[in-house]
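# Structural description and commentary
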Amino acid sequence: MDLNGARVLVAGGTGVLGGAITTELVHRGARPALAGRDPSSLARAAETYPAAPTAVFEAYDAGSCARAVDRASAALGGLDAVVVAFGSVAFGRVEQVGDEIAEHLAAVNYLAPVAFFRAALGVLQRGSAIAAVTGMVAERPQSGMADYSASKAALSAWLGAVRREVRQAGVRVLEIRPAHLDTGFADRAVMGTAPQMPKGGDPLDVAAAVADALAAGAELLSTDPAGKLVVAPRAR
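Note that the structure is a prediction, hence the values are computed from the model and not measured. (Residues numbered from 1 in each chain as written. Predicted model: local features only at pLDDT ≥ 70, side-chain atom pairs only at ≥ 80, totals over all residues. Heavy atoms only, no water.)

## Focus on the side chain of Arg163
Here is the rule we go by: Under the DSSP-based scheme used, a helix requires at least four consecutive residues in state H or I and a strand at least two consecutive residues in state E, with every element numbered from the N terminus. Residue burial is assigned from relative accessible area. The probe radius is 1.4 Å, only protein chains are included, and a residue is buried under 20% of its type maximum, exposed over 50%, and partly exposed in between. Two residues form a contact once any of their heavy atoms are found within 4.5 Å.
Along the chain, Arg163 falls in helix α5 (residues 146-166). When its relative accessible area of 6% is taken as the criterion, Arg163 is described as buried. If near-sequence neighbours (up to four positions away) are discounted, Arg163 is found in contact with Val173, Leu174, Glu175, Glu219 and Ala235.

Structure representation (structure tokens):
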């Protein structure tokens, strides 16, 4: 994908990682559209990128996710990529986490991203891409984070299956699976307190790697045991 002039919807573009991804894409010549759940945060982001169309969505409303895609596509004259960089986390043992919290995590981390992508696959053409942040918990579930890990693993499984469906159509599916990042995400948990964690990685580094992966048509961005970000052409 040639990022110069690429039309990219960043869902979660008001967050730390989503904002970093947006900035990196703009630096490479992309034309962004922004979708966010908080109208005031979205308005502030729009001041930074006044040419970017915006849309408010609610994770519990799949229709609003689809409408955000439609609005961005109409405003930009089509889309070349949709990147999902939002989520929610909770901490606690399984007997402490109630069904309401579990349903919330499933809605925000799995069902809402899928709603964005279902709509996107109806408008994306050959050479385009969808991309989502899952994280290392999708591959290695963590104690005290069972429901969060499960919601991210569900999204990872969905991406893997869809990747096989759309590969021949020339649409790439990129899974972004970094290690813990220093974004303050864990401090905004809907339940519980984060365990002691090592210093997180720099979201700016991940944003640059995401742009590299989109440009290369890669299928996986992950962190290796040495802590290095690795872009893989094909996911297993």
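## A look at the environment of Ala120
In this fold, Ala120 is placed in helix α4 (residues 99-120). As a C-alpha pair, Ala120 and Val69 span 51 residues in sequence and 6.3 Å in three-dimensional space. Excluding residues within four positions of it along the chain, Ala120 makes contact with Val69, Val82 and Ile130.

## So, the pattern of salt bridges
For clarity, the threshold we go by: For this document, the term salt bridge refers to a Lys or Arg side-chain nitrogen within 4 Å of an Asp or Glu carboxyl oxygen.
Counted by the stated rule, this structure contains 12 salt bridges. The partner of Glu95 in a salt bridge is Arg93, and the shortest N-O contact between them spans 2.9 Å. The class for Glu95 is exposed, based on a relative accessible area of 57%. Via salt bridges that share partners, Arg163, Arg167, Arg172, Glu219 and Arg234 belong to a single interconnected network.

## Focus: the packing of aromatic side chains
The relative placement of two aromatic rings is captured by the distance of their centres and the angle of their planes. Rule in force here: For Phe, Tyr and Trp, where Trp contributes only its six-membered ring, two rings pair if their centres lie within 6.5 Å, and the inter-plane angle classes them as stacked under 30 degrees, edge-to-face over 60, or tilted in between.
For the coordinates displayed, the defined rule picks out 4 aromatic pairs. The interplanar angle of 55° and the centroid separation of 5.9 Å between the aromatic rings of Phe86 and Phe116 together place this pair among those described as tilted. One end of the pair, Phe86, is in the loop between β4 (81-84) and α4; the other, Phe116, is in helix α4, and 30 residues separate them in sequence. Judged by centre distance (6.1 Å) and plane angle (15°), the ring pair of Phe117 and Trp158 falls under stacked. Taken as a pair, Phe117 in helix α4 and Trp158 in helix α5 lie far apart in primary sequence, 41 residues in all.

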